[in-house]
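Structural overview
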Amino acid sequence: MQKIVSLDGCSAGETGKIVALATGNYTILRKLLSMGLVPGVQIRVIRCRPSIVVQVGHSKVALEECLAAQITLVRIDG
Amino acid sequence: MLWQRGGISLKAVVLVGNPNVGKSVLFYQLTGNYATVSNYPGTTVEVAHGQASVEGRQVRVYDSPGIYSLLPLSEDEALTKRLLLEKSPSVVVHVVDAKNLPRMLPLTLELQACGFPVILVLNMMDEAKKLGVKIRREELSSRLGIAVVEAAFVHGWGVDVLRREIAKQLNGRLTARPFCRPATMPEQEQQVFIASALQRRRAAEKILEGIYSYGDLRRGAWLDRLTLHPVLGLLFSIAVVYAGFYLLVGRLGAGILVDLFEGVLFAEIIIPWLTVWVAYLPWPSVRELLAGDFGILTMGFRYAFGIIMPMVGTFFFAFAFLEDSGYLPRLAYWADGLLRKIGLNGRAIIPLTLGFGCGTMAVVATRTLESKRERIAATFLLALAIPCSAQLGLLLAMLSATPFLLLVWCLVVFSVFIIAGSLLNILLPGKRAAFFMELPPLRMPKPGAILQKTLARMRWYFMEVVPVFIFISILLWLLAGTGLLGSLVAALVPLVGMLGLPPEVSLIFLYGFFRRDYGAAGLFLLYRSESLSGEQMLVAAVALTLFLPCLAQLTMMVRERGVPVAAAIIFLVTMTAFAAAFLLRLALALPVW
Ligand SMILES: Nc1nc2c(ncn2[C@@H]2O[C@H](COP(=O)(O)OP(=O)(O)OP(=O)(O)O)[C@@H](O)[C@H]2O)c(=O)[nH]1
Ligand SMILES: [Mg+2]
């Protein structure tokens, strides 16, 4: 079953594919882009507190919730 | 050949790339000039340049702060962009971390689109290979239409191949004339920029199709996971601070080594010996200048080499270890919550911890902060509540004999930090920027690299400190000779008296005005002579910690923030320092103790 969620609602260990960036704020978009968080990319949630850490490719990125909230994912099971 | 004033104009080779990919390592390999290398994004905050020879030809190489795109997000990124536009480079070497090629290749495309002659360097191939990343270099090169070089600069691999490629580029086509976007863009253009950035990302994925594979994504070192674990991570931080700073700097540096250098070498050997020789000089005032109370040798050199050098040395060593391990970005992650409360974000942890090494370097590092309000707030807090290594070491040595005093000192300084930060957060206009940061892999620091960095920083520190110390000695000698010193000190005595401190301390505050570490060294000797009570020492330590930073840091504050902001900071810092010390004195006098 596919489920669409926002990154700040994910829990550690989950894997998902980014489907959309839900913001019109250019600064936020540029930050996400520079970290390689763009639609089509697969990411894994490593930590969700105090803020979110995800693995994108071989790099780990820490993000504040307000940035993570803009990322929409499709969960991938397994 | 073009001749200019000052010599031949050399062709420019600019090293660019994302933060923390190895540009500064490469800069050292090419030019032999040391540039600070650390395992966190945002190490380089100033452009450095040096000469290199490629296939018998001299070129000028520029190292630049890391960038994510040609549209800067912070001040240091803007410097790189300006460098690219101003120098019309003959070669732009784009360094990437090979294992993260899909994320970094869009910048290559952006540089190419702007018309720069680019060479792509896939650095960190050693790590990429271990993770099973596979890249078909030749195919990549032909798809991009530029030279692609594989490298692992920390091991020296790939430097020669890169040199050959640079030479080829120089002999080949003419320098391209780049065209680029202006530094700030109106809304609409931002939209266009983002759209084209997404396009470049897709183009990069297309280029990499079939020639790049990720390898093992799950492999992560256990230490990496440990430092991100909430409880274990905290324990680990405490262990790091205890071992690195308390044991190494506090005990070894400020304790054992200072005893050895100051207590034995200076007090028992050098000074008695000097006194004998100086006594032969026929001019009493020169005798006084060299070996008197404020003598260049008996005070300036003694403070610099007997007291400050052992501490600063051990501190820089411990700090280099911390920087190279890649732990600082994780600390930034943990500190983010706290820093948010005072209007900063986790990113500020890097300038703030650098401040424990040297405030002057730290003020420059505030460039990596996104907004002006954050840069001002960080500069203020650095000036107020972050003691530099020399000061910290001395205070640790004085206070650690009574752990209670040390605890109170920490609490007072920390509270001042939080209160001042919160007030600034309310007063300064604008909003805090959202936290995002790459967490680089933890790496085992290389002893050679740590030693090199420690020595480079010590050399730099002493080049700066020794002339100032000599100058202070001469100035004090002049003031003492003309009797002005007495009146200056006398003017400070009532203030010092309000803090419940003996008159001798006013002289120390006067030193502290020139350099905080110098003041701390004076206080340290006063402590040794046992002329201060515990409470007095505590009050003096708090006042001196919060008091004005040294002249070098002040100069840097003026350079980075401008005169009005720097003046406002100086005024507020002085007031806060005095008020906090006064309140502490009153609190200590309460009958509850
Ligand atoms: N394993 C490995 N580590 C490398 C290599 N090149 C650089 N490093 C490490 O990567 C880290 C960053 O190196 P720097 O040269 O400071 O990177 P930079 O690109 O100048 O970074 P900024 O100044 O922050 O933009 C350091 O810890 C280096 O030791 C490499 O080829 N292999
Ligand atoms: Mg660098």
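What you see is a predicted model, and the numbers here were worked out from it, not measured in a lab.

**Concerning the overall build of chain B**
A tally of regular secondary structure across chain B gives 24 helices and eleven strands. Its C-alpha atoms give chain B a radius of gyration of 27 Å, within 12% of the compact-globule value 25 Å for 593 residues. Seen through its C-alpha atoms, chain B measures out along the principal axes to roughly 75 × 60 × 45 Å. At a minimum sequence separation of 6, the contacts of chain B that also span at least 24 residues come to 77%. Just so you have it, chain B exposes about 25,500 Å², and 66% of that area is on carbon and sulfur atoms. Side chains of chain B give 53 positive and 39 negative charges; the mean places of these two sets differ by 6 Å.

**A closer look at the overall build of chain A**
Scanning chain A from N- to C-terminus turns up two helices and six strands. In sequence order, the secondary structure elements of chain A are arranged as β-β-α-β-β-β-α-β. The C-alpha atoms of chain A give a radius of gyration of 11 Å, which matches the 12 Å a tight globule of 78 residues would have. The C-alpha extent of chain A, read off along each of the three principal axes, is 35 × 25 × 20 Å. The long-range share in chain A, meaning contacts at least 24 apart out of those at least 6 apart in sequence, stands at 65%.

**Section: the pattern of salt bridges**
Pairing between side chains of opposite charge can happen when their charged atoms approach one another. All names here are of chain B. Considering all chains together, one arrives at 26 salt bridges over all chains under this definition. With a shortest N-O distance of 3.0 Å, Glu438 and Arg103 are connected by a salt bridge. Taken together, the residues Glu438 in strand β11 (residues 436–439) and Arg103 in helix α3 (residues 101–113) connect sequence positions 335 residues apart. Accessibility classification places Glu438 together with Arg103 in one group, the buried group. A cluster of three or more residues bridged by salt bridges with shared partners is formed by Glu46, Arg367, Arg559 and Glu560.

**Re the sheet that holds strand β5 (residues 57–63) of chain B**
Residue and element names in this part refer to chain B. Strand order across the open sheet formed by six strands is β4-β5-β3-β6-β7-β9, with mixed pairing between neighbours. Looking along the sheet, the strands with just one partner apiece sit at the ends: β4 (48–54) and β9 (148–150). Strand-to-strand twist in this sheet, taken as the mean axis angle between neighbours without regard to direction, amounts to 25°. Alignment of strand β7 (residues 118–123) against β9, held across three bridges, turns out to be parallel. What sits directly across from Leu122, in β9, is Glu150. In the packing of helix α1 (residues 23–31) onto the sheet, the strands contacted are β3 (11–17), β4, β5 and β6 (91–97), and the crossing angle to β4 comes to about 50°. Sheet strands touched by helix α6 (residues 159–171): β3, β4, β5, β6, β7 and β9. Its angle to β7, the strand with the most contacts, is close to 170°.

**Details of the sheet that holds strand β2 (residues 15–21) of chain A**
The strand order across the open sheet built from seven strands is β1(A)-β6(A)-β2(A)-β3(A)-β4(A)-β5(A)-β11(B), with neighbouring strands paired in antiparallel fashion. Because the sheet does not close on itself, it has two edges, and the strands there are β1 (4–6) of chain A together with β11 of chain B. For this sheet, the mean inter-axis angle between neighbouring strands, taken without regard to orientation, is 40°. Looking at chain direction, strand β3 (residues 42–47) of chain A and strand β4 (residues 52–56) of chain A are connected through four bridges and run antiparallel. Each residue of the ladder has a partner; that of Val45 of chain A, found in β4 of chain A, is Val54 of chain A.

**Details of the coordination of the magnesium ion (ligand 2)**
All names here are of chain B. Distances from the magnesium ion (ligand 2) to its protein donors, Ser24 (OG) and Thr44 (OG1), fall within 1.9 to 2.0 Å. Residue Ser24 is located in helix α1, and its partner Thr44 is located in the loop between α1 and β4; the two are separated by 20 residues in the primary sequence. On the basis of relative accessible area, Ser24 is assigned to the buried category, the value being 9%. For Thr44, a relative accessible area of 14% puts it in the buried group.

**Let's talk about helix α18 (residues 447–482) of chain B**
The end-to-end C-alpha distance of α18 of chain B is 51 Å, a good match for the 52 Å that 36 residues give at a rise of 1.5 Å each. With its phi angle positive at about 80°, Gly483 of chain B sits one or two positions after the end of α18 of chain B.

**Description of the state of the cysteines**
Residues and elements named next belong to chain A. Under the counting rule described, the total for this entry stands at zero disulfides over all chains. With no disulfide of its own, Cys66 lies 16 Å from the sulfur of Cys48, the closest cysteine sulfur. Owing to a relative accessible area of 34%, Cys66 belongs among the partly exposed residues under this scheme.

**Focus: the interface of chain A and chain B**
At the interface, 33 residues of chain A touch 40 residues of chain B. When chain A packs against chain B, the two sides together hide about 3,200 Å² of surface, and 59% of this comes from carbon and sulfur. A per-residue breakdown of the area chain A buries against chain B is headed by Tyr26, Arg30 and His58 of chain A, which together make up 26% of the total. Across the chain A-chain B interface, the total number found is three salt bridges. Measuring nitrogen to oxygen at the nearest pair gives 2.9 Å for the salt bridge that ties Lys31 of chain A to Glu370 of chain B. Elements with a contribution of two residues or more to the side of chain A that touches chain B: α1 (26–34), β3, β4, β5 (59–63) and α2 (65–68) of chain A. Sort the elements by how many residues they give to the side of chain A that touches chain B and α1 of chain A lands first, with seven residues. Class assignment of the residues belonging to the side of chain A that touches chain B gives a composition of 16 nonpolar, nine polar and eight charged. Inspection of the sheet shows β5 of chain A paired to β11 of chain B by four bridges, in the antiparallel sense. From the neighbouring strand, Ala62 of chain A faces β11 of chain B, where its bridge partner is Met437 of chain B.

Calculation criteria
Residues numbered from 1 in each chain as written. Chains lettered and ligands numbered in written order. Predicted model: local features only at pLDDT ≥ 70, side-chain atom pairs only at ≥ 80, totals over all residues. Heavy atoms only, no water. Helix = DSSP H or I, 4+ residues; strand = E, 2+ residues; numbered from the N terminus. Rg over C-alpha atoms; globule rule 2.2 N^0.38 Å. Contact = heavy atoms within 4.5 Å. Areas by Shrake-Rupley, 256 points an atom, 1.4 Å probe, with all protein chains shown as cover. Lys, Arg positive; Asp, Glu negative; His and termini not counted. Charge placed at Lys NZ, Arg CZ, Asp CG, Glu CD. Salt bridge = Lys/Arg side-chain N within 4 Å of Asp/Glu carboxyl O. Buried < 20%, exposed > 50% of the residue type's maximum accessible area, 1.4 Å probe, protein only. Pairing = 2+ DSSP bridges. Axes fitted to C-alpha atoms, helices over the stretch in contact; angles between N-to-C directions. Donors = N, O, S within 2.8 Å, 3.2 Å for Na, K, Ca; no water. Expected span 1.5 Å × (residues − 1). Disulfide = S-S within 2.5 Å. Buried area = accessible area lost by both parts, 1.4 Å probe. Nonpolar A, V, L, I, M, F, W, Y, C, P; charged D, E, K, R; others polar.

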